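This is what each chain is made of:
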Amino acid sequence: LVYSASISGNFGAEGEQLRWRIDAPQLSALTPQLTGAATASGTVSGSLAAPRGNFELDASALALSAARHANPASRIHASGTLALSGKQRIPGLTLQGTLQQVDPAAFGSLQGGSIQAGFSAEARLASDWRASLSMQLQPSTFGSAPLSGRAALQLFVEAHEHFLRNVFGQMR
């Protein structure tokens, strides 16, 4: 097996672009908790004051090794952008992708099935966090039941630094 990682290009000045790629054909060799294969690639551009990254991830036969079984035909594809924007350099993430023949039982004590779906997500990670996720299920199965439809989730968290310090300081 050949694992590889490559980086080329430059980053920091206007117009420069740094390209990266990682190939992991057997995830269990990297961490015994995972099985399957993954490739990821992307670019980093912009400036040090306002960096922007784009990425793509493809995984096949992904599963937790403790799970009952994985579907060797399962595929997960995701692509997105991560950027710092505005004077306060607020991190923002956009993500979209597809699930094909993903078996829920590959990720824990769940019923088996075959999930086909498209998804998109956005997040702004500032003091007032905002995140949204939408999913369009194509004809799928969960257990022996048919599964299809739409799901949407929106999360808004208005946090103040003093509150976070008190909550997280007590959770040790």
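Each remark here, short or long, concerns the structure printed above.
Report on the accompanying structure. Since this is a predicted model, take the numbers as computed values, not measurements.

1. Some thoughts on the pairing of strand E8 (residues 128–142)
Across ten bridges, strand E7 (residues 113–124) lies against E8 in antiparallel orientation. When the bridges of E8 are listed, Ser114 appears paired with Thr141. Hairpin connection, E7 to E8: the antiparallel pair is bridged by three residues.

2. Comments concerning the side chain of Asp103
Within the element layout of this structure, Asp103 appears in the loop between strand E6 (90–102) and E7. Within the structure, Asp103 has its side chain in polar contact with the backbone nitrogen of Ala105 (distance 3.0 Å). If we ignore the near neighbours within four places in the chain, the residues touching Asp103 are His69, Asn71, Gln111, Gly112 and Gly113.

3. Overview of the pairing of strand E2 (residues 17–24)
For strand E1 (residues 4–9) and E2, the ladder comprises six bridges, and the chain directions are antiparallel. The partner of Ile7 across the bridge, within E2, is Trp20. Here E2 pairs with strand E3 (residues 34–46) via eight bridges, running antiparallel. Among the inter-strand pairings, Asp23 is bridged to a residue of E3, identified as Thr39.

4. Looking at the side chain of Ser79
Within the secondary structure layout, Ser79 lies in strand E5 (residues 75–85). Ignoring any residue separated from it by four or fewer positions in sequence, one finds Ser79 in contact with Phe55, Glu56, Thr94, Leu95 and Gln96.

5. Remarks on unusual backbone geometry
A positive phi angle, near 50°, is found at Ala61, a position not held by glycine. The residue Ala61 is located in strand E4 (residues 51–64) in this model. Backbone geometry at Gln101 places phi at a positive 55°, although glycine is not the residue there. Relative to the helices and strands, Gln101 is located in strand E6. Taking relative accessible area as the criterion, Gln101 reaches 36% and is therefore assigned partly exposed.

6. Description of the pattern of salt bridges
As enumerated under the stated definition, the model contains one salt bridge in all. Of the charged contacts in the structure, one is a salt bridge between Asp23 and Arg21, with a shortest N-O distance of 3.1 Å.

Thresholds, definitions, all that
Residues numbered from 1 in each chain as written. Predicted model: local features only at pLDDT ≥ 70, side-chain atom pairs only at ≥ 80, totals over all residues. Heavy atoms only, no water. Pairing = 2+ DSSP bridges. Helix = DSSP H or I, 4+ residues; strand = E, 2+ residues; numbered from the N terminus. Polar contact = N/O pair within 3.5 Å; in protein donor to acceptor, adjacent residues only side chain to side chain. Contact = heavy atoms within 4.5 Å. Buried < 20%, exposed > 50% of the residue type's maximum accessible area, 1.4 Å probe, protein only. Salt bridge = Lys/Arg side-chain N within 4 Å of Asp/Glu carboxyl O.

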